[in-house]
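# Chain and residue survey
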Amino acid sequence: MNHPDIIIIGSGIIGCAVAFELSKAGYRTLNIDKNGDAGLGSTSNSCALIRLSYSTYDGIQMARECFSYWKEWDNYLEVADPRGNARFVNNGTLMTMSDAPNFPRMIRIFKELGVPYSLLTRDQIAQKAPFMSLGTFYPPTRMEDDRFWANADEQLKQMIHIKDGGYITDPQLATHNLMVAAQAKSGTFLFNRVVTGIRHEGGDQERHAPKRRALERRVVGVTLDDGTRIDAPIIVNVAGPHSRVINQMAGVEADMRINTRPLRHEVHFIPNPHPDLPSVASHWSDADTGVYFRPETGNALLIGSKDPACDPRDWVDDPDEWNRDVTREQWEHQVYRVARRLPAVKIPTEPRGIVDLYDVTDDWIPIYDRSNLSGYYMAIGTSGNQFKNAGPVGYLMAQLIHAVENGHDQDADPLTYRAVYNDFEIDTGFYSRLREINEDSSFSVSG
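Keep in mind the model is a prediction, meaning the values are calculated, not measured.

## Remarks on the pattern of salt bridges
The full count for this structure, using the stated rule, is 31 salt bridges. The partner of Asp5 in a salt bridge is Arg28, with the nearest N and O atoms 3.0 Å apart. Of this pair, Asp5 sits in the segment before strand 1 (6-9) while Arg28 sits in the loop between helix 1 (13-24) and strand 2 (29-32), and the two are 23 residues apart along the sequence. Asp5 gets classed as partly exposed once you look at its relative accessible area, which sits at 22%. Arg28 gets classed as partly exposed once you look at its relative accessible area, which sits at 45%. One salt-bridge network, held together by shared partners, links Arg142, Glu144, Asp311, Glu329 and Arg337.

Written as structure tokens, this is what we have:
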């Protein structure tokens, strides 16, 4: 544990995938996490959606790659987890269409890439899901707006059915699967410890570090809350909602054009009013009302927000101090939005749900990159929409780290590499910390 090749800060789904891919590549990895097991941070409250409905070409490409990982999950892991393996429920995505510009762009990309989908007419929608209201409610509004309660003036003309789409039954178990796989390749994990410092060459505390080029700043290790120092020449920040805190410790924000910030988010549960809903689709995305939902264990519906413009965003300054209780106000907004689409919904008297933090970048597209501190890498801004991409992100980070540590100039010439399961190139420049804000982003999330 005291002499790893790479320290990974965080043991969520992305941190464990990075550990697995790096350990497969021959690195001795050590994940450090303040929680007591893998996946007990924000990952444990992920909606764990596996979807193709992104608004950018690169986002859809990465999502296509992720489906191959989940479909081959047991083979990918190469080892059996004594707890069992997470299960992928994949019965497709059903989406309402709105006036948002990303919908026609998404369809154009689907056509270009050959993604299987179909456009359902109003009659086909009524036949496939007769329990749905076909009214249009776009743009989404809040309950205090009179338009929220108005009868729909128009009816849905079309919906999109995407052949592949669903969810992982247990996000924490999926993370544990990856931890076990990494451990089988000599990866190690240290729980119940907090990183309080990133040490690098140039200060008094590094006077015994190996000599390097005089102008190079390079990491040499971390300091923990109990005073322990662990040395390593490479550190990967995969700290989720704490990612900016870790970046500030490392002093790497000066050249970053894109940054991260924690966002408080609520997800709610209600009884499923339609037993046949899961057989129609595993993931329902309703931009028309501003929510998404999917079946949940115990004949329930899990409901999340698509972050419509009318909803205030609850940004958090301190990822250790925030309201962890479900609020009745947001619960009512989301439940009643679903009731507009599924009129048979019975509204419970008491709110039920989960609350956690997303780690969100300025354009809601993650950062997978090096930093201006040699040996310090980032896989951040992932919360809320990158659970599904854990496997391919782990592989991306392993490719990037290996290339940069062997002399590749990532800032001047972002790495491209061949995807593992699909015949296309992945451009890591799309995820650069030095990029401009991507205006094609939806600036929102679906679990």
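## Concerning the sheet that holds strand 8 (residues 166-168)
Strands in a sheet are paired, the pairing made by backbone hydrogen bonds, and the direction either parallel or antiparallel. Spatially, 3 strands are ordered 3-8-4 in an open sheet, and the strand pairing comes out antiparallel. What marks the edges here is a single partner per strand, and that holds for strand 3 (49-50) and strand 4 (88-90). Pairing between strand 3 and strand 8: 2 bridges, direction antiparallel. Bridging across to strand 8, Leu49 finds its partner in Tyr167.

## Some points on the pairing of strand 1
Because side chains alternate across strand 1, one face comprises the buried residues Ile6 and Ile8, and the other comprises Ile7 and Ile9, equally buried. Looking at chain direction, strand 1 and strand 13 (residues 234-237) are connected through 4 bridges and run parallel. Within strand 13, the residue paired with Ile9 across the bridge is Asn237. Pairing analysis gives 4 bridges linking strand 1 to strand 2, with the strands arranged parallel. Bridge assignment links Ile8 to a residue of strand 2, and that residue is Asn31.

## Side note on the sheet that holds strand 20 (residues 367-370)
Spatially, the 6 strands line up as an open sheet ordered 9-2-1-13-21-20, and their pairing is mixed. Two strands close off the open sheet at either side, each with one partner strand: strand 9 (188-190) and strand 20. Each strand of the sheet is rotated relative to its neighbour by a mean of 15°, with strand direction disregarded. Here 4 bridges tie strand 20 to strand 21 (residues 376-380), and the two strands are oriented antiparallel to one another. Opposite Ile367, over in strand 21, you have Ile380 as the bridge partner. Contacts between helix 8 (residues 243-250) and the sheet are confined to strand 1, strand 13 and strand 21, with strand 21 contributing the most and set at about 165° to the helix. Packing of helix 11 (residues 390-405) onto the sheet brings it into contact with strand 1, strand 13, strand 20 and strand 21, and relative to strand 20 it is tilted by some 15°.

## Here we look at the packing of aromatic side chains
A complete count under the given rule lists 16 aromatic pairs for this structure. Through pairs of rings, three or more aromatic residues link up here, namely Phe20, Tyr69, Trp70, Trp73, Tyr76, Phe387 and Tyr421. If you follow Lys24 out to its NZ or CZ, it ends over the ring of Phe20, 4.6 Å from the centre.

## Considering the nonpolar core
Residues Trp70, Ile168, Leu178, Leu396 and Met397 are the most contacted members of the largest nonpolar core, which totals 73 residues. Here this core gets 9 residues from one element, more than from any other, and that element is helix 11. Apart from the residues lying within four places of it in its own chain, the contact partners of Ile168 are Ala48, Ile50, Trp70, Ala86, Arg87, Phe88, Ala174, Arg294 and Phe387.

## Here we look at the pairing of strand 5 (residues 93-96)
Two faces make up the sheet, and in a regular strand the side chains alternate between them. On strand 5, burial covers both faces: Thr93 and Met95 on one face and Leu94 and Thr96 on the other are all buried. Where strand 5 and strand 7 (residues 158-162) come together, 4 bridges link them in antiparallel fashion. Bridge assignment links Met95 to a residue of strand 7, and that residue is Ile160. Pairing between strand 5 and strand 15 (residues 283-286): 3 bridges, direction parallel. The residue bridging Leu94 from the neighbouring strand is Trp284, located in strand 15.

## Thoughts on the packing of helix 1 against helix 7 (residues 171-184)
Axis separation between helix 1 and helix 7 bottoms out at 8 Å; the angle between their running directions is 25°. As summarised for this structure, helix 1 and helix 7 are arranged roughly parallel, according to the angle between their axes. Crossing of helix 1 over helix 7 shows left-handed handedness. Note on element contacts: helix 7 touches helix 1 through Ala174, Thr175, Leu178, Met179, Ala181 and Ala182, opposite Ile13, Cys16, Ala17, Ala19, Phe20 and Ser23.

## Overview of unusual backbone geometry
Cis geometry marks the peptide bond from Tyr138 to Pro139, where omega comes out at -5°. Inspection of the secondary structure puts Pro139 in the loop between helix 5 (122-128) and helix 6 (146-149). A positive phi angle is found at Asn192, which is not glycine, with a value near 60°. Phi is positive for Asn299, which is not a glycine, with a value near 55°. Within the secondary structure, Asn299 is located in the loop between strand 16 (291-296) and strand 17 (300-305). Asn299 sits in the partly exposed class, given a relative accessible area of 49%.

## With respect to the confidence of the model for the chain
Per-residue confidence for the chain averages 94 on the pLDDT scale, and 96% of its residues sit at or above 70. Between residues 203-215, whose pLDDT stays under 50, and residues either more than four places distant or in other chains, the model counts 12 contacts.

## Quick look at the side chain of Ser11
Within the secondary structure layout, Ser11 lies in the loop between strand 1 and helix 1. Of the residues examined, Ser11 reaches a relative accessible area of 1% and is grouped as buried. When near neighbours in sequence (up to four residues on either side) are disregarded, Ser11 contacts Cys16, Asn31, Asp33, Ala38, Gly39, Thr175, Phe189 and Phe191.

About the cut-offs
- Residues numbered from 1 in each chain as written.
- Predicted model: local features only at pLDDT ≥ 70, side-chain atom pairs only at ≥ 80, totals over all residues.
- Heavy atoms only, no water.
- Salt bridge = Lys/Arg side-chain N within 4 Å of Asp/Glu carboxyl O.
- Helix = DSSP H or I, 4+ residues; strand = E, 2+ residues; numbered from the N terminus.
- Buried < 20%, exposed > 50% of the residue type's maximum accessible area, 1.4 Å probe, protein only.
- Pairing = 2+ DSSP bridges.
- Axes fitted to C-alpha atoms, helices over the stretch in contact; angles between N-to-C directions.
- Contact = heavy atoms within 4.5 Å.
- Phe/Tyr/Trp six-rings, centres within 6.5 Å; stacked < 30°, edge-to-face > 60°.
- Lys NZ or Arg CZ within 6 Å of the ring centre and 35° of its normal.
- Core = buried A, V, L, I, M, F, W, Y, C linked by side-chain atoms within 4.5 Å.
- Parallel < 35°, antiparallel > 145°, perpendicular 65-115°, else oblique.
- Left-handed = near helix turned anticlockwise from the far one by under 90°.
- pLDDT = per-residue confidence, 0-100.

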